[in-house]
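Commentary on secondary and tertiary structure
This is what each chain is made of:
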Amino acid sequence: MQFGWLTLAMSPSPDEDGARIDQIVAQACLAEELGFADVWLTEHYFTGESVYNDSLMFAAALAMKTERIRIGFAVVQTPFHHPVRLAVQLALLDNLSKGRIDVGIGKGTVYNEYEFVGHGLRSHDSRERMEETIEILERAWTEAPLTFEGKFHKLHIPALRPKPVQQPGPPLWRSVISPGSFTECGKAGVPILTARLPVPRIKERWALYEAGIDAGGHDAAKKARLLAQSALWRNVYVAESNAQAEDELSEFLVETRAHMMHVREAYNPADFTPDPVTLNAWTDPAVPDSEAIPFVLSTGSLYGTPARVREQVAELRDVGVQHLLCQTGFGAMSHDHNVASMRRFGDQVMPAFG
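Residues numbered from 1 in each chain as written. Predicted model: local features only at pLDDT ≥ 70, side-chain atom pairs only at ≥ 80, totals over all residues. Heavy atoms only, no water.

Bringing the overall build of the chain into the picture now. If you tally the helices and strands in the chain, you get 12 helices and 11 strands. Rg of the C-alpha trace for the chain: 20 Å, near the compact-globule value of 20 Å for 354 residues, within the 12% margin. A principal-axis box enclosing the C-alpha atoms of the chain has dimensions of 60 × 50 × 40 Å. Of all 354 residues assigned to the chain, the portion counted as buried reaches 53%. (Helix = DSSP H or I, 4+ residues; strand = E, 2+ residues; numbered from the N terminus. Rg over C-alpha atoms; globule rule 2.2 N^0.38 Å. Buried < 20%, exposed > 50% of the residue type's maximum accessible area, 1.4 Å probe, protein only.)

What follows is the structure, given as structure tokens:
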């Protein structure tokens, strides 16, 4: 198994933003020291969530601070980026990191409409914008000159320089939830990220992905690589006792959820309602914490002593997960809490799966 480290860190106040950013840099460097294979950055704006906001610029800093660990995006919210600018930035990042970039692609948040409004947009055409951006990225990295005429962008590029180190370009990943998306991504030969998938569903979804790979006619080597890359995202918190881990993680999750619900109620425009299909016990504001926290503990979290977490990771391995993304920070959790949990996981859990 390989393990990734994911940061969705929140800063509780503007006065702490700078310190929190420095701490995430230190945590990412620690992830490399502990043997994590990759570090994954999220992208959110305006409220202290993903406090660095600009994951592309932040990735450049990490590329200079690290040597081996791959740097991924989970995910780039494509509507917020001009596609040519994004192609240039990702190509530069691939050069700065010597080919260590993985690019999760998304159509933008389905809950935080205020992020679209803050960029002068609305989300109704976000999927179309994402699809156009993907086409421009892939063509800009491989065609010179490039002429493109789409719904949102009409452009002519003599050549994109520098070219990415990874050819034909940095891998473009997709975030998937629905069964059909697993099959489609398999057919397309695209690596995938998924989150909060209950254990009984993982084997089914991985089978759909594998069947899609076969239907797409990909060779055995590519199939093995895609299955090894495919990543499951989990909250991870390792403490000295199971009770301590559950109590502390629950407290951090309550804080995280309170922030999430507050900013959506405060800043989302009155005419916006999330698609009901995107809601679950964690994301639905009508569900009380007394139901939401047990839901996310049971479907999206690994927590307890190192011994218990080893058992939970083994359960995931046994249903086919080969790449686990570990989110170790929640809410305004302190740097010391995060580092202590990371070290327990790195020193006492990961070696059992080497």
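From this point, the narrative continues.
Among the nonpolar cores identified, the biggest contains 73 residues, and Phe3, Phe36, Leu41, Phe73, Leu90, Val313 and Phe345 are the most heavily contacted of them. When residues in this core are grouped by element, the largest group, six residues, is from helix α1 (residues 17-34). Ranked by size, the runner-up nonpolar core spans 15 residues in total, among them Phe252, Val296, Phe330 and Met333. (Core = buried A, V, L, I, M, F, W, Y, C linked by side-chain atoms within 4.5 Å.)

As a further point, take unusual backbone geometry. In the segment running from Arg161 into Pro162, the intervening peptide bond is cis, with an omega of -5 degrees. Along the chain, the position of Pro162 falls in the loop between β6 (154-157) and β7 (172-175). Here the bond from Gln167 into Pro168 is cis, since omega is 10 degrees, no more than 30 degrees from zero. Tracing the backbone through its elements, the reader meets Pro168 in the loop between β6 and β7. Located in the positive-phi region is Asn53, a residue other than glycine, with phi close to 60 degrees. One can find Asn53 in the loop between β2 (38-41) and α2 (55-65).

To continue, consider the packing of helix α6 (residues 179-188) against helix α7 (residues 199-215). Viewed as axis vectors pointing N to C, α6 and α7 meet at an angle of 30 degrees, and their least axial separation amounts to 6 Å. Between α6 and α7 lies a crossing of right-handed hand. On α7, the residues that touch Pro179, Phe182, Thr183, Cys185, Gly186 and Lys187 of α6 are Arg205, Trp206, Leu208, Tyr209, Gly212, Ile213 and Ala215. Partitioning the contact of α6 with α7 into residue classes produces eight nonpolar, three polar and two charged. (Axes fitted to C-alpha atoms, helices over the stretch in contact; angles between N-to-C directions. Left-handed = near helix turned anticlockwise from the far one by under 90°. Contact = heavy atoms within 4.5 Å. Nonpolar A, V, L, I, M, F, W, Y, C, P; charged D, E, K, R; others polar.)

It is worth spelling out empty space enclosed by the protein at this point. Counted by the stated rule, this structure contains one cavity of 30 Å³ or more. Taken as a whole, the largest cavity holds about 100 Å³ of empty space. Lining the largest cavity are 13 residues, with Ala9, Arg20, Gln27, Met333 and Asn338 positioned closest to its centre. Taken together, the elements giving at least two residues each to the lining of the largest cavity come down to α1 and α12 (335-348). Broken down by element, the residue count for the lining of the largest cavity peaks at four residues, all from α1. Taken together, the residues of the lining of the largest cavity sort by class into five nonpolar, seven polar and one charged. (1 Å grid on protein atoms, 1.4 Å probe; cavity = no way out; pocket = protein on both sides within 12 Å on 5 of 7 lines; lining within 4 Å. Points joined across faces, edges and corners; volume = space filled by probe spheres on them.)

Let us now look at the pattern of salt bridges. Using the criterion set out here, one finds 15 salt bridges in the structure. Here Lys151 ties to Glu128 by a salt bridge, and the two come within 3.2 Å at their closest N and O atoms. Of the two residues, Lys151 is situated in the loop between β5 (146-149) and β6 and Glu128 in helix α5 (residues 126-140); the sequence distance between them amounts to 23 residues. Its relative accessible area of 37% is what places Glu128 among the partly exposed residues. (Salt bridge = Lys/Arg side-chain N within 4 Å of Asp/Glu carboxyl O.)

Before going further, it helps to spend a moment on the side chain of Thr299. Along the chain, Thr299 falls in helix α10 (residues 289-300). Separated by 2.8 Å, the side chain of Thr299 and the backbone oxygen of Phe295 make a polar contact. Apart from residues no more than four positions distant in its own chain, Thr299 is found in contact with Arg196, Leu197, Pro198 and Arg234. (Polar contact = N/O pair within 3.5 Å; in protein donor to acceptor, adjacent residues only side chain to side chain.)

To continue, consider the packing of aromatic side chains. Applying the stated rule across the entire model yields 11 aromatic pairs. Ring centres 5.8 Å apart and planes at 80 degrees place the aromatic pair Tyr45 and Phe80 in the edge-to-face group. Of this pair, Tyr45 sits in the loop between β2 and α2 while Phe80 sits in the loop between β3 (70-77) and α3 (83-96); the two residues are 35 residues apart in sequence, bridging distant segments of the chain. The interplanar angle of 70 degrees and the centroid separation of 5.8 Å between the aromatic rings of Tyr114 and Tyr267 together place this pair among those described as edge-to-face. Here Tyr114 is found in helix α4 (residues 113-118), whereas its partner Tyr267 is found in helix α9 (residues 242-267), with 153 residues between them in sequence. A residue is classified by how much of its surface remains accessible, and Tyr267, at 48% relative accessible area, is partly exposed. Aromatic ring contacts, followed pair by pair, group Phe3, Phe36, Phe345 and Phe353 into a single cluster. (Phe/Tyr/Trp six-rings, centres within 6.5 Å; stacked < 30°, edge-to-face > 60°.)

What follows covers the side chain of Glu115. Positionally, Glu115 belongs in helix α4. There is a polar contact of 3.3 Å between the side chain of Glu115 and the backbone nitrogen of Tyr45. Within the structure, Glu115 has its side chain in polar contact with the side chain of Gln77 (distance 3.4 Å).

With 13 residues, helix α11 (residues 306-318) ought to run about 18 Å at 1.5 Å a step, and its terminal C-alpha atoms sit 18 Å apart, in line with that. Those residues of α11 that sit buried are Pro306, Val309, Gln312, Val313, Ala314 and Leu316. Buried-residue contacts for α11 involve β1 (2-7), α7, β9 (231-238), β10 (301-304), β11 (323-327) and α12. Positive phi appears at Gly320, one or two residues downstream of α11, with a value of about 110 degrees. (Expected span 1.5 Å × (residues − 1).)

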